[in-house]
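Residue-level structure breakdown
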Amino acid sequence: MNFQDLNLNKPLLNALEEMGYSKATAIQQRAYPVILSGRDLVGIAQTGTGKTLAYLLPLLRQLPFSNQRHPRILVMVPTRELVMQVVEEASRLSAYMNLRIDGVFGGVNINTQGARIYQGVDLLVATPGRLFDLVMQGIVRLNAVQKLVIDEVDEMLSEGFRPQLISILELLPQKRQNLMFSATLADEVEEVITGFFNNPEWLDIEYRGTPLEQIVQKLFVVPNFATKFNLLTMLLMEEEVFSKVLVFAPSIKTADKLFNKLTHKYPGQLGVIHSNKSQNLRFKTLDEFRSGEIRILISTDLVARGVDIFEVSHVINLGLPQIPAAYIHRIGRTGRIGKPGIAISLATPAEENALQAIEEYIKQPIPREELPEDLEISTAEDLDDQQPQPKAGDKAYLKPLKLAPAGAFHQKKKKNLKVNLGGPGRKKKKK
């Protein structure tokens, strides 16, 4: 279905044309009339199917001009990256409309954000923690909210935002429309829906654990992590094939370690992003990856959800996630909006349980691939262990013994020498 076939006004159609969008995805087609009707909605659709536009289009279509200061539409998302993305998308869609759109998130000066929001906002995008702080300070009031959107709610709960989320839901007006969109739905999320939603319409576009059909999945089984690194290095050498690669590392420490070791092999082609990086550096690195300035982005699960990075040729899992749903989010960074993509996972025999859980979740096996014949099979378990081993008689590897430091010594004077002259026991014996 074309966007022209939906009941969109001219300003939105003009904005969509400038953004290069012409056809509506399945979730956008089915969610649009439900949201316009005013019913609560829970939309389950895979990553990359256009969930953000699915709720923004009907909400902006119904939002009239107003001078009131407090937000009428509230969108809650789990990360600052997703806040920036939704704000940017909403701003582009409302380019021909007179609306005030802004976002707030943690990690920056709350006073600066508060002063900006206090001037007035129609659509506010926020992370739960920062929004709760602004509400407690009286800068943001929620009594004017008519529409609530919770995007990637399961990620919010997994990051520990449940107390703030529940508190915000309890402060909102009872008469409102509730919308929830996610790629997966955990039991804890269903409890939130039961407690705060009013007989919602459910849109389950596809089975929630099924990967997108246009993503080709591959699995390489190697003996240890050091061999994973060797295989990753081999794959990245084919620059024309691996033109835009997102590498998921299992931890922050591993992400930094990979970046340091690969930078020398691919200078100027590499970036790294995780929660320990500053906010400005994270935004800058994402922009460089989106624009093609860097070819390879190493990340933790920070960018596994919600963040749109188009035309990613390959996603490489340098280890399988322990939560099967995270696998769906990771590989969903490629093959977006109908475009093909390839997801490659590197696993060791120790990850067999995680592999079985993922294959049960997606209801299909991940095809195994033969290892390249020229792949160097390492005997080391970690990258730090790949050091030259000392050889017998090789003085270059001999290290001097380090003795425990001894304190300074000097002879005591006679008057300071302690001599045991006996105590009370000696006097008693003498007596």
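Scroll up to find the structure.
Residues numbered from 1 in each chain as written. Predicted model: local features only at pLDDT ≥ 70, side-chain atom pairs only at ≥ 80, totals over all residues. Heavy atoms only, no water.

1. Overview of the pattern of salt bridges
- Tallied over the entire structure, the rule returns 10 salt bridges.
- For Arg100, the salt bridge goes to Asp122, with nearest N and O atoms at 2.9 Å. Within this pair, whereas Arg100 is found in the loop between helix 4 (80-93) and strand 3 (101-104), its partner Asp122 is found in the loop between helix 5 (110-118) and strand 4 (123-126), the two being separated by 22 residues in sequence.
- You can call Arg100 partly exposed: its relative accessible area is 25%.
- Overall, the relative accessible area of 1% leaves Asp122 in the buried class.
- Bridged by salt links that share partners, the residues Arg72, Arg100 and Asp122 form one connected network. (Salt bridge = Lys/Arg side-chain N within 4 Å of Asp/Glu carboxyl O. Helix = DSSP H or I, 4+ residues; strand = E, 2+ residues; numbered from the N terminus. Buried < 20%, exposed > 50% of the residue type's maximum accessible area, 1.4 Å probe, protein only.)

2. As for the environment of Ile73
- Turning to its location among the elements, Ile73 is positioned in strand 2 (residues 73-76).
- Along the primary structure Ile73 and Leu142 are separated by 69 residues, whereas in three dimensions their C-alpha atoms are 9.6 Å apart.
- Other than its neighbours up to four places away in sequence, Ile73 contacts Leu59, Leu63, Asp122, Leu123, Leu124 and Lys147. (Contact = heavy atoms within 4.5 Å.)

3. Observations concerning the packing of helix 5 against helix 6 (residues 128-136)
- In the contact formed by helix 5 and helix 6, the axes pass within 11 Å of each other and the chain directions differ by 70°. With respect to their mutual orientation, helix 5 and helix 6 come out roughly perpendicular. As for how helix 5 packs across helix 6, the hand of that crossing is right-handed. Facing Ile110, Gln113 and Gly114 of helix 5, the residues of helix 6 in contact are Arg130, Asp133 and Leu134. (Axes fitted to C-alpha atoms, helices over the stretch in contact; angles between N-to-C directions. Parallel < 35°, antiparallel > 145°, perpendicular 65-115°, else oblique. Left-handed = near helix turned anticlockwise from the far one by under 90°.)

4. A few points about the nonpolar core
- Core analysis: the biggest nonpolar cluster contains 43 residues, and Phe3, Leu8, Tyr55, Leu57, Val75, Leu93 and Phe181 have the highest contact counts within it.
- Of all elements in the fold, only helix 1 (10-19), helix 2 (26-37), helix 3 (51-61), strand 2, helix 4, strand 4 and strand 6 (177-182) reach the threshold of two or more residues within this core.
- With 7 residues, the top contributor of residues to this core is helix 3.
- Formed by 33 residues, the second largest nonpolar core is a distinct cluster that contains Val135, Val140, Met180 and Val192. (Core = buried A, V, L, I, M, F, W, Y, C linked by side-chain atoms within 4.5 Å.)

5. Here's the deal with helix 3
- Of all 11 residues making up helix 3, 10 are buried, and the element is well covered by its neighbours.
- Inspection of helix 3 places Lys51, Thr52, Leu53, Ala54, Tyr55, Leu56, Leu57, Pro58, Leu59 and Leu60 among the buried residues, and these make up the whole buried set.

Coordinates in, geometry out; function isn't part of it.
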